[in-house]
Amino acid sequence: MNTLAWSITFNGSIELENFSLNYVLNKTKNWVSNIFVYWDTELESSKEVVECIRWKIIWEILCFDISISTEDKIKLFTTAKKLKYILKSIQWDNIDFDNVLAWLNEPNIISVREAEDSKIFWNKVIKIDYLV
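Residues numbered from 1 in each chain as written. Predicted model: local features only at pLDDT ≥ 70, side-chain atom pairs only at ≥ 80, totals over all residues. Heavy atoms only, no water.

A word on the side chain of Ser 118. Among the structural elements, Ser 118 can be located in the loop between strand 7 (109-117) and strand 8 (124-131). A polar contact is formed between the side chain of Ser 118 and the side chain of Gln 91, at a distance of 2.6 Å. From its side chain, Ser 118 meets the backbone nitrogen of Ile 120 in a polar contact 3.2 Å long. (Helix = DSSP H or I, 4+ residues; strand = E, 2+ residues; numbered from the N terminus. Polar contact = N/O pair within 3.5 Å; in protein donor to acceptor, adjacent residues only side chain to side chain.)

With that out of the way, let us pick up the pattern of salt bridges. For side chains bearing opposite charge, pairing can occur when the charged atoms are close. For the coordinates displayed, the defined rule picks out 8 salt bridges. Notably, a salt bridge pairs Arg 113 with Asp 65, separated by 3.3 Å at the nearest N-O pair. Of this pair, Arg 113 sits in strand 7 while Asp 65 sits in strand 4 (residues 61-68), and the two are 48 residues apart along the sequence. One exposure class covers both Arg 113 and Asp 65, and it is buried. (Salt bridge = Lys/Arg side-chain N within 4 Å of Asp/Glu carboxyl O. Buried < 20%, exposed > 50% of the residue type's maximum accessible area, 1.4 Å probe, protein only.)

Another point: the sheet that holds strand 3 (residues 32-41). Judged by pairing direction, the sheet is antiparallel, and its 4 strands sit side by side in the order 2-3-1-4 without closing on themselves. Both outer strands of the open sheet, strand 2 (22-27) and strand 4, are each paired with one neighbouring strand and no more. The sheet shows a mean angle of 10° between the axes of neighbouring strands, taken without regard to direction. By the bridge criterion, 10 bridges tie strand 1 (residues 2-11) to strand 3 in an arrangement that is antiparallel. Counted as the bridge partner of Ala 5 is Tyr 38 from strand 3. (Pairing = 2+ DSSP bridges. Axes fitted to C-alpha atoms, helices over the stretch in contact; angles between N-to-C directions.)

So, in C-alpha cells, the structure goes:
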C-alpha cells in the first residue's frame, strides 16, 4: 500500500459523491476551490493518481502539488477532518525530510512530505499540511 497527499486548486466545483478518500474541501473567492486529499492507495505513481481523479474535477485545474510514497518521502499523522487546510513549504540549505520531522512539534499537522526540487538549494522542498 502506498501513501498519498495531494493539494489541488481548480476553477469551479468537484463531485464528491461516493468519494471514498480522506479530504478537506476549501472554497475560495471567485469560484476557485482547493481540495486536500490524503489516503493509502494501490496506485504506483503520481501520474496514475492524477488520471484516476481528474475526471471528478469538471473545471480547469489551476495547479496541484502531489506527493506519493513511491516517489517521495511522506508521513501521515492523522486522518481527522477539520475545517481549514493550510500549507507550509520549507526549503533551505542542508534541510531534508528527516531534519524537518525531528524538530516538528506543532499541533494539527496532517502530513509532512517531500515535494518538488528546490530551484535554489538543489534539494527537495518539504511541505507540511495542516488542518485547523
